[in-house]
Amino acid sequence: MQAVHEEYWTLDEVAERLKVNRRTVNRWIEDGSLSAIRFGAPPRGAIRITESDLQEFIQQRRSSRD
């Protein structure tokens with residue numbers, strides 16, 4: 001099996017990319033809308049979002065222009 005390189009983003013980086021507040025990103029994670037990975041034990045473990053999960057999240061919210 002070949003390893004796949006995946007980009008990981010912090011909450012602050014995702015918030016900046018989407019032009020929203022960090023708390024909004026946190027809320028999306030808490031309600032299950034946005035998948036995240038926690039490295040380390042809560043509450044201090046680092047939370048990261050993969051590029052593929054972020055792209056899936058964006059695609060799910062894309063409005064159609066039909």
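You'll find the structure just up there.
Residues numbered from 1 in each chain as written. Predicted model: local features only at pLDDT ≥ 70, side-chain atom pairs only at ≥ 80, totals over all residues. Heavy atoms only, no water.

Caption draft 1: Expanded view of the pattern of salt bridges. What the rule picks out here adds up to 2 salt bridges. Arg22 serves as the salt-bridge partner of Asp12, at 2.9 Å between the closest nitrogen and oxygen. Of this pair, Asp12 sits in helix α1 (residues 11-18) while Arg22 sits in helix α2 (residues 22-30), and the two are 10 residues apart along the sequence. The partly exposed category is assigned to Arg22, whose relative accessible area is 42%. Notably, a salt bridge pairs Glu51 with Arg17, separated by 2.7 Å at the nearest N-O pair. In this pair, Glu51 sits in helix α3 (residues 51-61) while Arg17 sits in helix α1, placing the two residues 34 residues apart along the sequence. A residue is classified by how much of its surface remains accessible, and Arg17, at 37% relative accessible area, is partly exposed. (Salt bridge = Lys/Arg side-chain N within 4 Å of Asp/Glu carboxyl O. Helix = DSSP H or I, 4+ residues; strand = E, 2+ residues; numbered from the N terminus. Buried < 20%, exposed > 50% of the residue type's maximum accessible area, 1.4 Å probe, protein only.)

Caption draft 2: Broad picture of the side chain of Thr50. Note on placement: Thr50 falls in strand β3 (residues 46-50). For Thr50, the contacting residues outside a window of four places in its chain are Glu6, Glu7, Tyr8, Trp9 and Ile37. (Contact = heavy atoms within 4.5 Å.)

Caption draft 3: Representation of the sheet that holds β3 in the model. Read across the open sheet, the 3 strands follow the order β1-β3-β2; overall the sheet is antiparallel. Each having just a single partner strand, β1 (8-9) and β2 (37-39) make up the two edges of the open sheet. As paired elements, β1 and β3 share 2 bridges and run antiparallel to each other. Residue pairing for β3: Trp9 is matched across the bridge by Ile49. (Pairing = 2+ DSSP bridges.)

Such coordinate-based values are descriptive only and should not be taken to indicate function.
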